[in-house]
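Summary of structural features
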Number of protein chains: 4
Amino acid sequence: MTPSPRSVRVAIVGASGYSGEELVRLLLRHPHADLVAVTSRQSAGQTIAQVFPRFAMHPVARSLKFSDPDTSALARDAEVVFLALPHGVAAEYAIPLLRGGCRVIDLSADFRLSSAATYKEFYAHDHPAPELLSESVYGLPEVHGAAIRGARLVASPGCYPTSILLPTLPLLRDGLIRSTGIIADSMSGVSGAGRKAEVDYLFCECNESVRPYGVPKHRHLSEIEEQLSAAAGSAVVLQFTPHLIPVNRGILTTLYLAPSRPITTPEEVAALGADISASYTRAYAGAPFVRLLEGKALPDTKNVVGTNLLEIAWRLDPRTGRLVVMSAEDNILKGASGQAVQSLNLMCGFPETAGLT
Amino acid sequence: MTPSPRSVRVAIVGASGYSGEELVRLLLRHPHADLVAVTSRQSAGQTIAQVFPRFAMHPVARSLKFSDPDTSALARDAEVVFLALPHGVAAEYAIPLLRGGCRVIDLSADFRLSSAATYKEFYAHDHPAPELLSESVYGLPEVHGAAIRGARLVASPGCYPTSILLPTLPLLRDGLIRSTGIIADSMSGVSGAGRKAEVDYLFCECNESVRPYGVPKHRHLSEIEEQLSAAAGSAVVLQFTPHLIPVNRGILTTLYLAPSRPITTPEEVAALGADISASYTRAYAGAPFVRLLEGKALPDTKNVVGTNLLEIAWRLDPRTGRLVVMSAEDNILKGASGQAVQSLNLMCGFPETAGLT
Amino acid sequence: MTPSPRSVRVAIVGASGYSGEELVRLLLRHPHADLVAVTSRQSAGQTIAQVFPRFAMHPVARSLKFSDPDTSALARDAEVVFLALPHGVAAEYAIPLLRGGCRVIDLSADFRLSSAATYKEFYAHDHPAPELLSESVYGLPEVHGAAIRGARLVASPGCYPTSILLPTLPLLRDGLIRSTGIIADSMSGVSGAGRKAEVDYLFCECNESVRPYGVPKHRHLSEIEEQLSAAAGSAVVLQFTPHLIPVNRGILTTLYLAPSRPITTPEEVAALGADISASYTRAYAGAPFVRLLEGKALPDTKNVVGTNLLEIAWRLDPRTGRLVVMSAEDNILKGASGQAVQSLNLMCGFPETAGLT
Amino acid sequence: MTPSPRSVRVAIVGASGYSGEELVRLLLRHPHADLVAVTSRQSAGQTIAQVFPRFAMHPVARSLKFSDPDTSALARDAEVVFLALPHGVAAEYAIPLLRGGCRVIDLSADFRLSSAATYKEFYAHDHPAPELLSESVYGLPEVHGAAIRGARLVASPGCYPTSILLPTLPLLRDGLIRSTGIIADSMSGVSGAGRKAEVDYLFCECNESVRPYGVPKHRHLSEIEEQLSAAAGSAVVLQFTPHLIPVNRGILTTLYLAPSRPITTPEEVAALGADISASYTRAYAGAPFVRLLEGKALPDTKNVVGTNLLEIAWRLDPRTGRLVVMSAEDNILKGASGQAVQSLNLMCGFPETAGLT
């Protein structure tokens, strides 16, 4: 029997949005994390229990107060700091926190790209800390687990990228699909837009509505294409269309992929199917949060909401010669805060599922 | 000033489902239609107002009772009969009604295909009235208006096909897109599943859920491909993925199309864009129910639900070389009952928008 | 055959909220109203069709532009002006518009009370135009129809008051219930909160949530109590609890009333039941927008949403000696804009249902 | 340090409905329970993971198969058996299971009343096991904790009763409210209707709808009145109106109560308020699952859904002389399965919150 791991002191900067709130929930109940600070300008001075009554049963929620963000105090009190801040702002905190000796898990887009130029193309401002881009690790544990373990700075992926990358990367790495013509069509719950007081996200504007947005050049394309290109060994350009649907949580992504071999005959279909199945199994047999659906099952967000799981199902279509892959995840858990805690677990040597089951 | 058109006597067979109920609503307020019979085995003996209290203000709703379906009585009393029945069943009624002198507008899939063999491939039973397939007209008024005017038997299209065909057909006819590699990704409200007591469509199974279904060979593919092939002049095979989302009504379809010309340079993008715009204008300038969105606007089902409109927007993506087209409609109106009434208007020489604005 | 009524020129001040948008919809299709002006500071310069694409089929929507509110221009161009503005602001427009010769239908709370002191108690600021209070007419057409016909200034009731007053007033006037101990428990859709960018009304804050608010002294109490007191002939104090539920539209109110006679025996129950039924029939037999449910039917907002109807059902409970009355309405139609148009019809001598069926 | 409690072998009969599924979830992760059997005729032969994919991460879910219910096998394998069955059916299983030596926690209404006559009045059939009524304990842990500890047969309360009894019983016991004139107005999510394939509970019939039902004599009245009467020491008759609202989970109850003392002056209001506060604190200071809201906070189902908590807030209204109390709970957790597990914990000497936080 191994000794139980020691605890790590953690803090959350920007804990009043949906991702921040979920981080609070996960870290309050995490067996090896001590939540020592939560910051939010608007909630400063109130306890966690006052701001989020649903956590009131937890003693730390009743005693720990939100504070104004102070990087010196954070660096003194915490070993690992989660940043749940808008892009551009996150980097301002990462720099002094890293300098102060903290390890940082950033949920914004600030450190997900390796190129400051690509950042500027997609985010329309200069990168605030380009010197950190070479060090930061893209926090997709199923893909970059080894690097995450040793990282000082983890850039936790966005919700759409996670739902697209996990189903696509193994097939691309194994050469089972072509690197051209990839299409990702996604539907996201409204929490993805954050807790912002904007008319577009009012109940009556979202309920009984479905709409595309950000067509054809959504910001998340940049990180997805960088990861796909790395797996393919050549530049990948993605077609991506996000849609907003009236659910609180959940992303469903449908991917249209071109097999690298013909699937005209039943034998070809069977052979490629076996290879796809093997590729996924190889990639995710040991991954506790990826579920490969079997038989006739197709993903449904209601089966993963509230969990850190990502479900994958696929169908070969001999009529069109195409491979259709579908995935479902909780955009705030596997798509944001749950995945960030999964990285924490790797960084600290905890069991990968600690606090996430 | 032209004389106001005379009225036509109409009946609805199978008026207790969602499409049937909407037909009742539309025909009760139609300025040139007299609703003379509504049938439903389960509601027989009750007035329309008793079954659908929301129509109780209308005097006909308070007096007209549902009856058991009797084709002799229907043929005697009505000039045009709407069939809102399951496929396979509709044909059983169409035969005696046509023989009895009625004109028939069928909302099922029974007469939408020209080939009984294709019908059997997709619907898994022999076609019940193959002799009528050559006569029936596919009831898409913006495309087959002239044929609908003189038709005895109109096969009103399904909800998904309408949302896919109207945005695609002009571009295909005008040679602006290739006929290969077409992908349609659709999201539908739950009313599309009908008023059937099945666990899958319970509130708690659909709310806070999004899921694909019928992948990769949905039945509606057959009629879509037939219509696309006719426009292209060659056999078109479509990739189609429907998804169920938690709204009562509305279909949002995103289409991925391959332009027939490169769009590498800004000039090429501008030139193709002008051609696409001209193609749509040519096709739909006079179409009262197709709205081409301008500027930054993208379709949103909440802007069309409750109307017979279909909205279209499109974007050329020079990064991928692809054309993305998006459409929105009310699946029960433009996708079913509204479109059927639009056909009625053409068949009877009424203004195309009569009863639909 | 009477000559068809002439048309009236109407304008809407504050047309960009939910009630204003619905007024636009109703007045665009009203057979006897010409919409000549719509004002909204934020939308000034855009056409109705640009702001509300769902009305784009209507030629007036494509040509009429929103303007900044200018009372001189409004008084010159319009005969009747609707005010869809916050309380306090509405009065500022009513004064010059009335002086300029317009008739005014105000959807705010500014002119619903006869006492400036009560206004100050409930709205926490001095009444901006107390001299108009004696002239204004409470715009509940089923109750004050005669006064509305001749009114210069109509104060159109709130959504909760309508759902409470119509079921209660006849019984109170006929002495069938006591004037003490009245309780109203209401559930409202989120559109009742208006199109305001506040976190409390974001999709994720309202969806999968039900909550009371404004307990125990909601502002609407003041107008309800004034109307109930007038009917009872003595001061009535009401217990009222509103709740917010995740629907776009609809109010369901459940009223707990004390019959003025015992209902211990079946005979007493039957006799009082007959009197209640007669009271409602007397009050509403000629009212086109009040529907008295029969048999086992209970109100359901989905049966009235999209209509100007209010449904009423009631049950005597011999176990408790109490009368339970339930009502349902569309909060934006019968609870706001539909009712305002109903008043317009009375004021102008149009059929009461013109533009509302 | 106390030794950690041993585990208990538990089984669930009727595990395919919403309450049964939630019991599965709770018992799979319960630190002191071993789930040894789940029964469901329709799912027999499939593993838990196949029927409920969201539990697939748990090894027991992947190995334990649903079986046909067999009371001999259950009595042999399990120490405590949960019955999640319709009323009338539950008793048929309880009898042999008790005889076989099991302890039984029944979630149906079969053992909640002490009188077989009252059962027949409200459930319209003879009680199937009247001899067990004197033994069964009403499973409201905050009220009957001592009896539950030693019980062989626990009748776990319904969802509405829990939301009404916990806020009312302390005030009634302490004589702070009168036992007459109590009114409870409740709103429930659709999962309360169970996973039954009925048209009334289809998505499109519940979404965008709110409706009362079971007025004025809902079955749950019987158990509520029995418990209230016991606390009051005299027969209590309740007015109760349930409403169905479009959320998956959650009950919000608003109670109208008559204080036993006048609250005309501010001093009287303050004094009674202090007594109410003290009464609630006395009753629930040690209750881990009752949260007394403070300050301006009012209950909101979204703050308790997914937890076993019940929230309470109250307001004295000097205008009406009444006390308004509001409560919120998750109807499937504190209103059903969570509460049943809370009883299990008491019965087995586990910490009351085991498996519930």
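Residues numbered from 1 in each chain as written. Chains lettered and ligands numbered in written order. Predicted model: local features only at pLDDT ≥ 70, side-chain atom pairs only at ≥ 80, totals over all residues.

**Structural notes on the overall build of chain A**
Looking only at helices and strands, chain A features 12 helices and 14 strands. Relative to a compact globule of 357 residues, whose C-alpha radius of gyration would be 21 Å, chain A shows 20 Å and is just as compact. Summarising its shape, the C-alpha atoms of chain A cover approximately 65 × 55 × 40 Å along the three principal directions. Burial statistics for chain A: of 357 residues in total, 59% are counted as buried. Put simply, 69% of the contacts in chain A that link residues at least 6 apart link residues at least 24 apart. (Helix = DSSP H or I, 4+ residues; strand = E, 2+ residues; numbered from the N terminus. Rg over C-alpha atoms; globule rule 2.2 N^0.38 Å. Buried ≥ 20, exposed ≤ 12 C-beta atoms within 10 Å, placed from the backbone. Contact = placed C-beta atoms within 7 Å.)

**A look at the relation of the copies chain D and chain B**
Applying a rotation about an axis and a shift along it to one chain copy brings it onto the other copy. Between chain D and chain B, which share one sequence, the superposing operator has a rotation angle of 180° and an axial displacement of 0.0 Å; the RMSD is 0.0 Å. Read as a symmetry element, the transformation amounts to a two-fold axis. Most of the interface of chain D is mirrored in chain B, where 100% of its interface residues are also at the interface. (Least-squares fit on C-alpha atoms with pLDDT ≥ 70 in both.)

**Considering the interface of chain D and chain B**
Taken together, the contact between chain D and chain B spans 16 residues of the former and 16 residues of the latter. Partitioning the side of chain D that touches chain B into residue classes produces 10 nonpolar, three polar and three charged. (Nonpolar A, V, L, I, M, F, W, Y, C, P; charged D, E, K, R; others polar.)

**Section: the relation of the copies chain A and chain B**
Screw-axis analysis of chain A against chain B gives a translation of 0.0 Å along the axis, an RMSD of 0.0 Å, and a rotation angle of 180°. Most of the interface of chain A is mirrored in chain B, where 100% of its interface residues again form contacts.

**Focus on the environment of Asp70(A)**
Structurally, Asp70(A) can be placed in the loop between strand 3 (66-67) and helix 4 (71-77). Put simply, Asp70(A) and Ala313(A) are 243 residues apart on the chain and 45 Å apart in space, counted from C-alpha to C-alpha.

**As for the interface of chain A and chain B**
Counting from both sides, the interface comprises 37 residues of chain A and, opposite them, 37 residues of chain B. For the side of chain A that touches chain B, a count of residues per class yields 18 nonpolar, nine polar and 10 charged.

**A short note on helix 1 (residues 18-28) of chain A**
Burial within helix 1 of chain A is extensive, with 11 of its 11 residues counted as buried. Every buried residue of helix 1 of chain A is accounted for by Tyr18(A), Ser19(A), Gly20(A), Glu21(A), Glu22(A), Leu23(A), Val24(A), Arg25(A), Leu26(A), Leu27(A) and Leu28(A).

**Focus: the domain arrangement of chain A**
All names here are of chain A. For chain A, the assigned domains read domain 1 (8-135) and domain 2 (160-331). Taken together, the contacts link nine residues of domain 1 with seven residues of domain 2. If you tally residues by element for the side of domain 1 that touches domain 2, the top one is helix 6 (residues 116-123), at three residues. Broken down by class, the residue content of the side of domain 1 that touches domain 2 amounts to five nonpolar, three polar and one charged. (Domains from an automatic or database assignment.)

**Re the packing of helix 1 (residues 18-28) of chain C against helix 12 (residues 333-348) of chain C**
All names here are of chain C. Taken N-terminus to C-terminus, the directions of helix 1 and helix 12 make an angle of 40°; their axes are 9 Å apart at the nearest point. Judged by the inter-axis angle, helix 1 sits oblique to helix 12. Crossing hand, helix 1 versus helix 12: right-handed. Residues Ser 19, Glu 22, Leu 23 and Leu 26 of helix 1 form the contact with helix 12, whose own contacting residues are Leu 333, Ala 336, Ser 337, Gly 338, Ala 340 and Val 341. Classifying every residue of the contact of helix 1 with helix 12 gives six nonpolar, three polar and one charged. (Axes fitted to C-alpha atoms, helices over the stretch in contact; angles between N-to-C directions. Parallel < 35°, antiparallel > 145°, perpendicular 65-115°, else oblique. Left-handed = near helix turned anticlockwise from the far one by under 90°.)

**Examining the confidence of the model for chain A**
Averaged over chain A, the pLDDT score is 96; the fraction of residues at 70 or greater is 99%. In the predicted assembly, ipTM is 0.96 and pTM is 0.96. (pLDDT = per-residue confidence, 0-100.)

**Some remarks on the sheet that holds strand 5 (residues 103-106) of chain B**
Residues and elements named next belong to chain B. Strand order in this open sheet of seven strands is 3-2-1-4-5-7-6, and the pairing throughout is parallel. Each having just a single partner strand, strand 3 (66-67) and strand 6 (137-138) make up the two edges of the open sheet. Sheet topology note: the strand 2 (residues 33-39)/strand 3 ladder contains two bridges and is parallel. Residue pairing across strands places Thr 39 opposite Ser 67, the latter belonging to strand 3. Strands strand 1 (8-13), strand 4 (80-83), strand 5 and strand 7 (153-155) of the sheet are contacted by helix 12 (residues 333-348), whose axis makes an angle of about 155° with strand 5. (Pairing = 2+ DSSP bridges.)

**A word on unusual backbone geometry**
Only a minority of non-glycine residues have a phi that is not negative, and only a minority of peptide bonds are not trans. Following Val215(C), the chain continues into Pro216(C) via a peptide bond in cis, with omega recorded as 0°. Counting through the fold element by element, Pro216(C) comes out in the loop between strand 9 (211-212) and helix 10 (221-232). The phi angle at Ala124(A) is positive, at roughly 65°, despite the residue not being glycine. Mapped onto the fold, Ala124(A) is located in the loop between helix 6 and strand 6 (137-138).

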